[in-house]
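Here are the chains, one letter per residue:
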Amino acid sequence: MKNPYILPKTIKPIKYNIELTPNFNDLNFSGKEIIELNIIKNTNEIILNSRDLEITSAKINDIKVKKIIYDKEHQQVKLLFNELKKGILSLELEFKGKVSQDMRGLYKSIYINDNKEKIMLTTQFEPNDARKCFPCFDEPNLKAKFNLTLKIPKELDAVSNMPVKRKFENNNLKTIIFDETPVMSTYLLAFVISELEYVEGKTKDNVMVRVLTTPGKKDKAKFPLEVAIKSLEFYINYFKIDYPLPKLDLIAIPDFESGAMENWGLITYREVALLYDEKNSSAGIKQSIVHTINHELAHQWFGNLVTMKWWNDLWLNEGFASWIEYKATDKLFPEFDIWNQYLTDVKISALYLDSLQNSHPIEVNVINPDEINEIFDVISYNKGSSIIMMLENYLGEEVFRNGLKFYLNKFKYGNAETDNLWDSLEEVSKKPVKKMMHSWTRQTGYPIISVSFEKDNLILKQERFSYLNKKSNEIWKIPINIYEEGKINCYLMDKKILKIKIKNNFFLNYDQFGFYRIRYDEKTFNKIISSKLNIKNKIGIINDTYSLSRGCYIPLKDFLNLIKNYKNETDYAIWDEISSGLGKIQLLFKEKHLEKINKFTRELFFEIHKKLGWEEKNNEGHTKILLRAQVLATLGFSEDKNILNKARKMFDEHLKNKINPNLRSVVYNLAAFNDGIKMFNKLKEMYLKENLQEEKIRLLVSLGVFKEKEILREALKFSLSNKVKNQDTPYLLSVIGSNEYADDLAWNFFKDNWKEYYKRFHDGHTMPNLIKSVTMRFSSSERLNEIKEFFNKNKAENAKRAIEQSLEMIKINNNLVEFNKDLGI
Ligand SMILES: [Zn+2]
């Protein structure tokens, strides 16, 4: 069937000349554009994408349009002419539009300067909102060159993908003409109009890099500038392809839906994802800034220089960037021990989601804008990343890198599909990459390999892992690293069963490169946990055991027994994995077992807290700092009275003399957890006074960790007030959604205010996460029916899959609670 959202391919754009004049008072804009077109077949119509725009004039080579027909549903406009002969023609359009308020298209953002609210106009076009700013051929494979001219109030400034070519003033307007871009996709065009300041520097090979902010914030741009320069140098060396543009700008935007956006040459960021405050930023934020920069810079090649043909292959962009950002971070900041954290942050989160029957294959057919928005998810990013990591390990680092270089050079300034990457890697490696990878990108889910013995043979059997324990017959082509007697051998398991001669003392999925789980027989399992394992393999064992219990393959007490073995661990990622498992158990079993779980947690975390204490030591390292905050929070939330008292004391001190930013979240949260309405008012007041977004978010989150429902209801109301930016609204819903004392509060509030949430988030990719965060705690069939009914009546088109996933999660929770009457603690 023909996809009605896709434009006919008989007309191709070559070059856009766009002139935009925004009106800052009325929040609208007028525009003119000339699009040079290649008309491949004689026709009498031109169809372009256009959404919420009014076209006031249209002509081609001076011949006026006969009729303009808007197709609202498909976000298109049809221009009818008498006859258009094939060849190169110029389409001239004039149009009008409105500045959006929803962080998509050309939209309004607000900042404070001189104690006054000021307006910034900025853009977010991915995946399909360039069409809200100017009529265009808004598909990733319809690449063209862009010449942008902006007419803006003369006291403001503007930046775009390319450097400024010319600037002049006329009456009250400043005209800024930018250099022509290389051929690129519409979704990567960007500009920002605002008062701006910046810091700048150059890479070794003289690429100009700037970090821009609204006035008063450029001192927080020094660290990201340093990182961006190093990161750019890393990628130029890694890909052996020069950075394709003359400059790179990174800019902090006060209102931004996601973390960042890779617009070519002008990367936009949420402030908290870019700006680093020497005195007030935490180690966690520092790490996330490094990551976001490394992620977006990778896209300048992988995504921008070579782009997916259609959104089906979004994963190729996002999976790749979500993998290589870790490689770059590891190179730039080895002290982060980032590959250990990778397992919990990326791979395990992908394994969780992909254990659902309602997951989806990496390569997925998407037709309309809602479906496109919905695949900006853990599967495209994290599973994509994980299977690329597995493939790199299978092919070897150098071979993999050579294949990538080959691919980028072959498709630069063009578009590619997933198979083009596999072909390139196959050509360079001479290994059957395509066949192997199809089993990972075209099937939903992933395998669990179970281990048994037959005489001297190890018998490995694969089947799909599912929390609902559903039988199915998929086969994956699995590269398996097996450790045996000091050596690691790699096998390719491409059938249901694999027999291997093995002696003893072996370990499967060594270093956890593979995207699958292992289920050992009891004897081997016991042997393994009493042997010496490295950190990655310990995390693998802990998570596989947890997930097996989550799917009721084994009782939860097996998991709880296992983690007792790790009470002397000192690695952050291991404790992070343990905490996250315990947190979920606490939420689901709190009715009957809260006190027991709390006691168990306090005993488990006793040793590590004794080692770390509260005080930061000189040169103790980045991950110890992260670990300390993690341990204190876990203990505090498990009602450790000493920790709660000390946190309260520190909070009072903080009001006089600010405490270490690495402990602020813990201190605010525990102060809130252990106190009532007075503390709520205090924290809210601090939030309202604060200017630094990072600190604001810490304070905002703390409003959601109180035990009293009345206070939490206030917090939820506050999150929808005009005191909280739209971009930050989801934080409180999410914290309260998993606050064990809140019961059904977040869900009820969400239902009662559905119209408001729908208004704010019916476009874009926030809605799926909102729905999951307010339903994840439920485990009863009554709730399941209630939620199903609610969404039958109230449609969320950009969250259809998320709703199915939430319902499945409730079933899984139900099984878990029924299966584990006794936790054995
Ligand atoms: Zn990305």
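Definitions and cut-offs
- Residues numbered from 1 in each chain as written.
- Predicted model: local features only at pLDDT ≥ 70, side-chain atom pairs only at ≥ 80, totals over all residues.
- Heavy atoms only, no water.
- Pairing = 2+ DSSP bridges.
- Helix = DSSP H or I, 4+ residues; strand = E, 2+ residues; numbered from the N terminus.
- Axes fitted to C-alpha atoms, helices over the stretch in contact; angles between N-to-C directions.
- Donors = N, O, S within 2.8 Å, 3.2 Å for Na, K, Ca; no water.
- Buried < 20%, exposed > 50% of the residue type's maximum accessible area, 1.4 Å probe, protein only.

Draft legend 1. Layout of the sheet that holds strand S6 (residues 67–71). Across the sheet, which stays open at both edges, the 3 strands sit in the order S3-S7-S6 with antiparallel pairing between neighbours. Each having just a single partner strand, strand S3 (43–49) and S6 make up the two edges of the open sheet. Averaged over all pairs of adjacent strands, the angle between strand axes in this sheet comes to 25°, irrespective of strand direction. When S3 meets strand S7 (residues 76–84), the two strands line up antiparallel, connected through 6 bridges. The partner of Ile46 across the bridge, within S7, is Leu79.

Draft legend 2. Molecular detail of the coordination of the zinc ion. Around the zinc ion, the donor atoms from the protein are His295 (NE2), His299 (NE2) and Glu318 (OE), and they sit 2.0 to 2.1 Å away. Mapping the donors of the zinc ion onto the primary sequence yields the spacing H-x3-H-x18-E. Highlighted residues: His299 in helix H2 (residues 283–299) and Glu318 in helix H3 (residues 314–332), separated in sequence by 19 residues. Here His299 and Glu318 have matching classes, each one buried.

Draft legend 3. Quick look at the pairing of strand S23 (residues 447–454). With 8 bridges connecting them, S23 and strand S24 (residues 457–464) associate as antiparallel partners. Following the sheet pairing, Ile449 is matched in S24 by Gln462. Between S23 and the antiparallel strand that follows it, S24, lie 2 residues; Lys455 among them carries a positive phi value of about 50°. Summarising the sheet, S23 and strand S29 (residues 517–519) pair through 3 bridges and their orientation is parallel. Note that in S29 the partner of Ile448 across the bridge is Arg517.

Draft legend 4. Region of interest: the sheet that holds strand S1 (residues 11–23). With mixed pairing, the 8 strands of this open sheet are ordered in space as S5-S4-S8-S2-S1-S11-S14-S13. The open sheet is flanked by strand S5 (63–64) and strand S13 (164–170), the only strands paired with a single partner. Examined bridge by bridge, S13 and strand S14 (residues 173–178) share 6 bridges and lie antiparallel to one another. Counted as the bridge partner of Arg166 is Ile177 from S14.

The values reported here are purely geometric and, on their own, carry no functional implication.
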